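A closer look at the structure
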Amino acid sequence: MTLRRHRKEKLHPKNQHYLLSVIEELKANPEKLAIVKHNVDEYQTQQYLKRGFLIALERMEWLFEADLSIDEFCQQILADDYIGNRIRKYPLIFKGVIEKHGFL
């Protein structure tokens, strides 16, 4: 019998930089949470998505339902816990928050 250890996956530096930029943008413009909410709703209507992505979308719904302040919302995304790790795996959730070229 072999025991498998879960290895902690690190974000690619480009994704990490993108997510930090998204967090800064959301803190500066909290109304852009509507873009994120729209993305979550849009992806949930798609028929064939990976199970992991569906779980990430569900976790985002939990955050929206929790009615957190923008700082708490951003903290949860960056948290080193199951929800934060799952959400950060799929940066497409935040598509459209930043209009800069060179990102997604």
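The shown structure was predicted, so the numbers you read here are calculated from the model rather than taken from an experiment.

Cut-off values and rules
- Along each chain, the written sequence defines residue order, and numbers are assigned to residues from 1.
- Selection of residues for local features in this predicted model requires a pLDDT of at least 70, selection of side-chain atom pairs for listing and counting requires 80 or more, and totals for whole chains, interfaces and linings are taken over all residues.
- As a rule here, side-chain values come from all non-hydrogen atoms in the structure, and water together with hydrogens is ignored.
- Per the convention used, a helix needs a DSSP run of H or I reaching at least four residues, while a strand needs a run of E reaching at least two, with both numbered from the N terminus.
- Burial status follows relative accessibility: with a 1.4 Å probe on protein chains alone, a residue under 20% of its type maximum counts as buried, one over 50% as exposed, and anything between as partly exposed.
- Contacts are assigned to residue pairs with any non-hydrogen atoms lying within 4.5 Å of each other.
- Each accessible area value is a Shrake-Rupley result obtained with a 1.4 Å probe; residue values ignore everything except the protein chains displayed when judging cover.
- Think of a nonpolar core as a cluster: buried Ala, Val, Leu, Ile, Met, Phe, Trp, Tyr and Cys residues, connected wherever their side-chain atoms sit within 4.5 Å.
- Structural elements are reduced to axes, namely lines fitted to C-alpha atoms, with helices fitted over the stretch in contact, and the angle between N-to-C directions of any two is expressed from 0 to 180 degrees.
- Under this scheme an angle from 65 to 115 degrees is roughly perpendicular, one under 35 degrees roughly parallel, and one over 145 degrees roughly antiparallel; angles in between are oblique.
- Here is the rule for handedness: rotate from the far helix to the near one, and if that takes an anticlockwise turn smaller than a right angle the crossing is left-handed, while a clockwise turn gives right-handed.
- Three classes are used: nonpolar for Ala, Val, Leu, Ile, Met, Phe, Trp, Tyr, Cys and Pro, charged for Asp, Glu, Lys and Arg, and polar for all others, with Gly counted as polar.

Comments concerning the overall build of the protein
Along its length, the protein carries five helices and zero strands. Across the 104 residues that make up the protein, the buried fraction comes to 37%. A fraction of 67% describes how many contacts in the protein between residues 6 or more apart in sequence connect residues 24 or more apart. For the protein, the exposed area adds up to about 7,600 Å²; of that, 52% sits on carbon and sulfur atoms.

Details of the nonpolar core
If you look at the biggest cluster of nonpolar residues, it comprises 24 residues, and the most contacted ones within it are Leu 26, Met 60, Ile 93 and Phe 94. In this structure, Phe 94 is in contact with Tyr 18, Leu 19, Val 22, Val 36, Asn 39, Met 60, Ile 77 and Ile 87, ignoring residues within four places of it in sequence.

Examining the packing of helix H2 (residues 33-44) against helix H3 (residues 51-65)
Two quantities define a packed helix pair, namely the angle between the axes and the distance from one axis to the other. Axis separation between H2 and H3 bottoms out at 10 Å; the angle between their running directions is 140°. The orientation of H2 relative to H3 falls into the category oblique. The two elements H2 and H3 cross, and the hand of that crossing is left-handed. For the pair H2 and H3, the contacting residues are Leu 33, Val 36, Lys 37, Val 40, Asp 41, Tyr 43 and Gln 44 in the first and Phe 53, Leu 57, Glu 58, Met 60, Glu 61 and Phe 64 in the second. The residue makeup of the contact of H2 with H3, split by class, is eight nonpolar, one polar and four charged.

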